[in-house]
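So you can see what is in the structure, the chains are spelled out below.
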Amino acid sequence: METKALTSIAIIGAGPAGLALALSLHMHAPHIRTSLYELRSPTTSLYGAVTFSPNSIQILDKLGVYQRIKDHGFEFEDIVFKDSSNVTTDVYCMGKEQFGYKALRVYRRIVLRELRAVAADRGISVFYGRKFSKVVDEGEEGVTFEFEDGTRESASLLVGADGIHSPVRQYIHPDASPIYSGNMCITSAVKRSQLRLPTPYFPLPSSISSTLGVVVLAPQDPAGEEILVLTQRQHPEQDKEKWDIVRNNKHKLHSILQTGKETWPDVVQSALEHLDIQKLSVWPFYLVPGLTTWKSEKGGVIIIGDAAHAIPPPAGQGASQALEDAFSFSYLVSKLSKLDDRNEALMKWEKYRMARMERVTELTRKLSNRRLPAEALVKLLLEDVFVDGAKEGQSWLYEPRIEKTVDDLLSKLTKISDPAIESNLDLLSMLTTSKTPEPAVESKLAASLTAAALILSVSSGKAIA
Ligand SMILES: Cc1cc2nc3c(=O)[nH]c(=O)nc-3n(C[C@H](O)[C@H](O)[C@H](O)COP(=O)(O)OP(=O)(O)OC[C@H]3O[C@@H](n4cnc5c(N)ncnc54)[C@H](O)[C@@H]3O)c2cc1C
């Protein structure tokens, strides 16, 4: 597989990871034909917001998406931890100008709408209503895969960006199923004017603790008028249908939240009194167990985003890490034609991404512990709990230097002896395999053929034909 030209990439799943990957590939490796397959229709209604921090906002900015979503979301810097007496116990930085951007909380439907719009502007093919079912064959020529309706497609590489219950992952790890953490988040929203905010000032977003755990209040529209209300509860695992029943039983969820209401500080009580019952929902926390690899043995099938490493929400890094995967992977792909061993490069990339996810998971674990009820919290060691955001420092998280990291890890790999020849051979192979090369590729090809002929005429052994 290593020596074959990489001419096409198929992506399963048009969530944040899949769409960002298609856009990043268009930016880093425009000569590669990219096709995106998504089971849902683009009109599927999605409620809820997602937080992006500087590490992923810089990616959205490079992809031309950030400016389109910025004014639709709420910008902020910190989440403030409050105890039940309104004392600030810690501050967790989610973004700051010093990292290039503040954090942005914005509705998921807006993010996906704008990612799709930019993809359409760039002529990227997204096929909706296509449910991937299995890999049929992975060989020298690439990967052939099948959809639920029995139709088949092929590509040089197949990327599973198909979320936590990823069917693509089953090809690489048939026995790895997501693990339920035992906890679910209950979410809803309230209007800011309905909150009895302590005077003279109460910071939002805030994470407010009591003996029952933590309630997060976080603005999620540009004016900061709509406030997310989120809390975590233990709940037995359900199958998919039963989770839908739990999710849709708004009155039951409402009554769960009202239990022990009097133990919360007044600002939380006001949120619980006024929360929008129709917007009540649940988010069961599943985790993808630590996988030994994110790629198939032959290197033709890869998983990214939640498919590879779904994590619980406390660090707000699920979507951000999915975007880092997409951007770093596409940058790596743009360099593959210059390397002897594609599989080795993929292994290096995977190692780098896994090490980073390990650190994010550890941060998530400590922040999760910070949300435990007081009696559980006191039983933990200090090193198991997130304390003092200022001291922890977050430049490792928010300034990922993706291109430099990938360049550094590739610099240690064997390079093809004459990159000029190889890149021209790649262009030639593209011409013979792609029916409709993009105009930019065609002109690059025309400009480089003369150079290729010249180089080849004086080099030994390699022939174009
Ligand atoms: C309620 C909620 C709130 C969250 N809040 C935050 C937050 O504040 N900050 C944060 O960083 N993260 C948050 N997350 C996590 C974040 O949403 C995920 O980490 C992120 O969406 C992962 O992106 P992804 O593209 O990898 O997967 P997904 O978003 O799950 O996208 C996968 C896509 O693949 C498609 N698909 C699945 N199976 C198939 C198939 N067989 N064939 C074709 N297509 C398929 C799906 O329809 C979907 O569109 C939240 C998640 C939830 C559920």
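The following refers to the structure shown. Owing to the predicted nature of the structure, the values given are computational and were not obtained by experimental measurement.

Rules used throughout
- Numbering of residues starts from 1 in each chain and follows the order in which that chain's sequence is written.
- Note on the predicted model: pLDDT of at least 70 is required for a residue's local features to be given, and 80 or more for side-chain atom pairs to be given and counted; whole-chain, interface and lining totals, by contrast, use all residues.
- Take the buried Ala, Val, Leu, Ile, Met, Phe, Trp, Tyr and Cys residues, join any whose C-beta atoms are within 7 Å, and the set you get is a nonpolar core.
- Partly exposed residues are those whose C-beta has more than 12 but fewer than 20 other C-beta atoms within 10 Å; with 20 or more the residue is buried, with 12 or fewer it is exposed, and the C-beta atoms are placed from the backbone.
- Only DSSP runs of H or I covering at least 4 residues are called helices, and only runs of E covering at least 2 are called strands; the numbering of each starts at the N terminus.
- Domain extents, as shown, originate in an automatic or database domain assignment.
- Once C-beta atoms are placed from the backbone, any two residues with those atoms within 7 Å are in contact.
- By convention here, the C-beta atom is placed from the backbone, and a residue is near a molecule or strand when that atom is within 6 Å of it.
- Nonpolar residues are Ala, Val, Leu, Ile, Met, Phe, Trp, Tyr, Cys and Pro. Charged residues are Asp, Glu, Lys and Arg, and all others, Gly as well, are polar.
- Strand pairing requires that DSSP identify at least two bridges connecting the strands.
- An axis is simply a line fitted to the C-alpha atoms; with a helix, the fit covers only the stretch in contact. Between two such axes, the angle follows the N-to-C directions and lies from 0 to 180 degrees.

Of all hydrophobic cores here, the largest spans 103 residues; its most connected members are Ala20, Leu21, Leu158 and Ile304. Considering every element that reaches this core, the biggest residue donor is helix H10 (residues 318–335), with 9 residues. The residue makeup of this core includes at least three contributed by each of domain 1 (8–75 + 103–178 + 288–411) and domain 2 (181–286). Residues in contact with Leu21, not counting those within four places in the same chain, are Ile11, Val159, Ala161, Ile304, Ala326, Phe329 and Ser330. In terms of nonpolar packing, the next biggest core, distinct from the first, is built from 6 residues, Met184, Ile186, Leu257 and Phe285 among them.

The next subject is the site of the ligand. The immediate surroundings of the ligand are formed by 31 residues, with Gly13, Gly15, Gly163, Gly305 and Gly318 found nearest. Looking at the shell around the ligand, the elements with two or more residues in it are helix H1 (16–28), strand S2 (33–38), strand S3 (49–52), helix H9 (306–309) and H10. With 4 residues, H10 is the largest single contributor of residues to the shell around the ligand. Residue classes in the shell around the ligand are distributed as 15 nonpolar, 11 polar and 5 charged.

Turning next to the sheet that holds strand S11 (residues 152–155). The 3 strands lie next to each other as S9-S10-S11, forming an open sheet whose pairing is antiparallel. Single-partner strands in this sheet number two, and they are strand S9 (132–139) and S11. Averaged over neighbouring strand pairs, the angle between their axes works out to 25° when direction is ignored. Inspection of the sheet shows strand S10 (residues 142–147) paired to S11 by 4 bridges, in the antiparallel sense. By the bridge assignment for S11, Val143 is matched with Ala155.

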